[in-house]
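Residue-level structure breakdown
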Amino acid sequence: MSNYDVVVIGGGPGGYNAAIRAGQLGLKVACVEGRETLGGTCLNVGCMPSKALLHASELYEAAVGPEFAKLGIEVKPSLNLAQMMKQKDESVTTLTKGIEFLFRKNKAEWIKGWGRIDGPGKVVVKAADGSEQVLTAKDIVIATGSEPTPLPGVTIDNKRILDSTGALSLPEVPKHLVVVGAGVIGLELGSVWRRLGSEVTVVEYLDRICPGLDLETGKTFQRSLAKQGFNFKLGSKVSSAKATAKGVTLEIEPAAGGEKETLKADYVLVAIGRRPFTQGLGLETVGITPDKRGMLENQKHRSGVPGIWIIGDVTSGPMLAHKAEDEAIACIEQIVGKAGEVNYALIPSVIYTKPEVATVGKTEEQLKAEGRAYKVGKFPFAGNSRAKINHESEGFVKVLADERTDEVLGVHLIGPSVSELIGEYCVAMEFAASAEDIALTCHPHPTRSEALRQAAMNVDGWAMQA
Ligand SMILES: Cc1cc2nc3c(=O)[nH]c(=O)nc-3n(C[C@H](O)[C@H](O)[C@H](O)COP(=O)(O)OP(=O)(O)OC[C@H]3O[C@@H](n4cnc5c(N)ncnc54)[C@H](O)[C@@H]3O)c2cc1C
């Protein structure tokens, strides 16, 4: 039996960051992870491999299409899919090994195996060889993450009918890929395969894509994807999907009811969301019951059972790696008596397609529903010299500010590299900046970040470059 201050169950962005922070703060900490590598969904089958393929496929499309030729670069590219997958896998290995290094650096111990809570303060870990060890701890942090939500009536075989993990490792470029679900994961992975040559059809139950997005931004995004060749079947549901060795036949019907149609694809990606993962966790031994969606409730990361904490995808809030990381820090800081706190109002969200979409804070629709008076400042990337010179002038920056105080309440970006730009507004909004604060801040020229400033100027109608 080994004794710790903290045992973290799960080695994803929630769990590994909790273990690292605990080590930094001098706690004796172990992190139990059942996978063969640390890093969780994010590093192994999520954020990182998807971004590796998005990056490579974006360059491929630029080289193959008119983009390179327009720049005067004449090449005859051909796709080596095996190499594209290999470089992705190698990058993932480097990153997961990096977490092992950080564990050693911060004296966090990785216990390999699947953990099961066995009453208060006790975790039993079963290793791959079947052997078991018992860990005891004053505090246990549950960070067991999430898994793809299955679609009733559709069996994922990861041969023809895929979840996101399967779609990250296809052996060939599909001729026709049907993506079920127009959320972030479906559109990112759909983009990868469209760029590599697939025809992509997205079937979505709702009548819009990415329903959480600011409406105007979402409409612009959908138009842009449609222009790239995405086919959208909105307001439609998949009632069945039958796979053979060669392909899949899907039955689709209007969400509101009506005539069915048949769709044929050689691969189908089911990306209708993710659900909390708590299988075999022994929650019953401490009296914790997941809610109807399988979610573990928390109050400031506390489970309600003394000494048991909950962070990351397994609990409420957006299923995002940086949200899990923030909760990890706050949870461990509370364990040592510090005032750990997560500002849920300012968790940014990004879609890594082309154009990228990045948002933080309130949407216009939310402000309207709250009856809050607001001003809008918009600026198109077509007015930004850096974006124009790079031939990436699609999209805009939209800043929503309180009508009376001018405080920035929401920012919605669609355009080039906006994933890297949104952080400026995250910091500004944490400091309760006004739009004028941004408008009067010097930004480097020529950069896309100038569009952020011009949009802030336009909150009071004085953008100077459009
Ligand atoms: C394709 C895809 C792309 C994504 N892209 C992004 C992105 O760009 N940006 C972003 O912010 N988020 C992205 N996400 C979401 C992100 O991956 C998750 O929000 C994040 O990984 C959640 O972290 P977590 O630590 O809560 O859980 P996870 O990362 O799911 O980690 C949980 C870990 O716990 C382990 N575990 C579970 N139960 C046990 C047990 N009983 N014993 C031992 N180990 C256990 C699991 O094996 C897993 O490794 C993406 C997800 C997917 C699928």
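Predicted model only: the values in this text are computed from it and were never measured. Note that residues are indexed from 1 along each chain, following the sequence as it is written. Per-residue local features of the predicted model are confined to residues with pLDDT of at least 70, and side-chain atom pairs are confined, for both listing and counting, to 80 or more; whole-chain, interface and lining totals are unaffected and use all residues. Side-chain calculation: all heavy atoms of the structure are included, whereas hydrogens and water are not.

Let's talk about the packing of helix 1 (residues 13–24) against helix 9 (residues 321–335)
A pair of packed helices can be characterised by two numbers: the angle between their axes and the separation between those axes. Our working rule: Orientation is described by axes fitted as lines to C-alpha atoms, over the contacting stretch for helices, and by angles from 0 to 180 degrees between their N-to-C directions. Only DSSP runs of H or I reaching four residues or more are called helices, and only runs of E reaching two or more are called strands; each is numbered from the N terminus. Crossing handedness is defined as follows: a turn of the near helix away from the far one that is anticlockwise and smaller than a right angle gives a left-handed crossing, while the clockwise case is right-handed. Two residues qualify as a contact provided that any one of their heavy atoms is within 4.5 Å of a heavy atom in the partner residue. Each residue gets one of three labels, nonpolar for Ala, Val, Leu, Ile, Met, Phe, Trp, Tyr, Cys and Pro, charged for Asp, Glu, Lys and Arg, and polar for the others, Gly among them.
Their axes nearest at 8 Å, the elements helix 1 and helix 9 cross at an angle of 35 degrees. The two elements helix 1 and helix 9 cross, and the hand of that crossing is right-handed. Of the residues in helix 9, those touching helix 1 at Pro13, Gly14, Asn17, Ala18, Arg21 and Ala22 are Ala321, Ala324, Glu325, Ala328, Ile329, Ile332 and Glu333. Taken together, the residues of the contact of helix 1 with helix 9 break down into eight nonpolar, two polar and three charged.

With respect to the side chain of Asp139
The cut-off we apply is this: The buried label applies to any residue whose accessible area, calculated with a 1.4 Å probe on protein chains only, is under 20% of its type's maximum; exposed applies above 50%, and partly exposed to all values in between. This count recognises Lys and Arg as positive and Asp and Glu as negative, with His and chain-terminal groups excluded. Every case where a carboxyl oxygen of Asp or Glu lies within 4 Å of a side-chain nitrogen of Lys or Arg is listed as a salt bridge. Distance and chemistry together define a polar contact, namely a pair of N or O atoms within 3.5 Å, with one atom able to donate a hydrogen and the other to accept it when in protein, and with adjacent residues in sequence counting only for side-chain atoms on both sides.
One can find Asp139 in strand 6 (residues 132–142). Within the buried set, Asp139 has no salt-bridge partner at all; the shortest N-O distance to an opposite charge, 6.5 Å, is to Lys138. Of note is the side chain of Asp139, whose polar atom sits 2.8 Å from the side chain of Trp309. Apart from the residues lying within four places of it in its own chain, the contact partners of Asp139 are Asp5, Val6, Val7, Gly307, Trp309 and Ile335.

Concerning helix 12 (residues 418–430)
Here is the rule we go by: Given the number of residues in a helix, its expected span is that number minus one, multiplied by 1.5 Å. Regarding the arc, it is the one traced by the directions from the helix axis to the C-beta atoms.
Counted at 1.5 Å a residue, the expected span for helix 12 with its 13 residues is 18 Å, and the 19 Å between its end C-alpha atoms agrees. Val418, Ser419, Leu421, Ile422, Tyr425, Cys426, Ala428 and Met429 are the residues of helix 12 that are buried. All buried residues of helix 12 fall inside an arc of 165 degrees around its axis, so they share one side. In this fold, the buried residues of helix 12 make contact with strand 18 (349–351), strand 19 (356–361), strand 21 (396–402), strand 22 (408–415), helix 13 (435–439) and helix 14 (449–458). Residue Ala432 follows helix 12 closely and has a positive phi angle near 55 degrees.

Describing the site of the ligand
Spelled out, the test is: Here a residue is near a molecule or strand as soon as one of its heavy atoms is found within 4 Å of it. With residues, only the protein chains shown are counted as cover, and all accessible areas are computed by Shrake-Rupley using a 1.4 Å probe.
Near the ligand, the surroundings consist of 39 residues, among which Gly14, Glu33, Thr41, Lys51 and Gly115 are the closest. Within the contact set of the ligand, an oxygen atom lies 2.8 Å away from a backbone nitrogen or oxygen of Gly14. Take Gly115: an N or O atom from its main chain is 2.8 Å from a nitrogen atom of the ligand. Contact with the protein chains hides 95% of the accessible area of the ligand, taken as 1,000 Å² for the molecule alone. Among the elements of the structure, helix 1, strand 2 (29–33), helix 2 (40–45), helix 3 (47–64), strand 4 (114–117) and helix 9 are those that each provide at least two residues to the shell around the ligand. It is helix 2 that provides the largest number of residues to the shell around the ligand, a total of four residues. Looking at the shell around the ligand, its residues break down into 16 nonpolar, 18 polar and five charged.

Some thoughts on the pattern of salt bridges
Per the counting criterion, the structure on display carries 27 salt bridges. Ionic pairing is found between Arg21 and Glu333, a salt bridge with its closest N-O pair at 2.7 Å. Of the two residues, Arg21 is situated in helix 1 and Glu333 in helix 9; the sequence distance between them amounts to 312 residues. The residues Arg21 and Glu333 share a single accessibility class, namely buried. Between Asp118 and Lys122 there is a salt bridge, with its nearest N and O atoms 3.5 Å apart. Through salt bridges that share partners, Asp214, Glu216, Glu364, Lys378 and Lys398 make up one connected network.

A short note on the packing of helix 12 against helix 14
Heads up, the condition is: Roughly parallel means an angle under 35 degrees; roughly antiparallel means over 145; roughly perpendicular covers 65 to 115; every other angle is labelled oblique.
Two elements in contact, helix 12 and helix 14, have axes separated by 9 Å at closest approach and are oriented at 45 degrees. Here helix 12 lies oblique to helix 14, going by the angle between them. When the axes of helix 12 and helix 14 are compared, the crossing they make is right-handed. From helix 12, Leu421, Glu424 and Tyr425 reach across to helix 14, where they touch Ser449, Leu452 and Ala456. Here the residues of the contact of helix 12 with helix 14 are counted per class, giving four nonpolar, one polar and one charged.

A look at unusual backbone geometry
Cis peptide bonds are those with omega within 30 degrees of zero, and the linkage from Lys354 to Pro355 qualifies with -5 degrees. With respect to the secondary-structure elements, Pro355 resides in the loop between strand 18 and strand 19. The phi dihedral of His391 is positive, around 55 degrees, even though this residue is not glycine. Along the chain, His391 falls in the loop between helix 11 (385–389) and strand 21. A positive phi angle, near 55 degrees, is found at Ala432, a position not held by glycine. Structurally, the position occupied by Ala432 is in the loop between helix 12 and helix 13.

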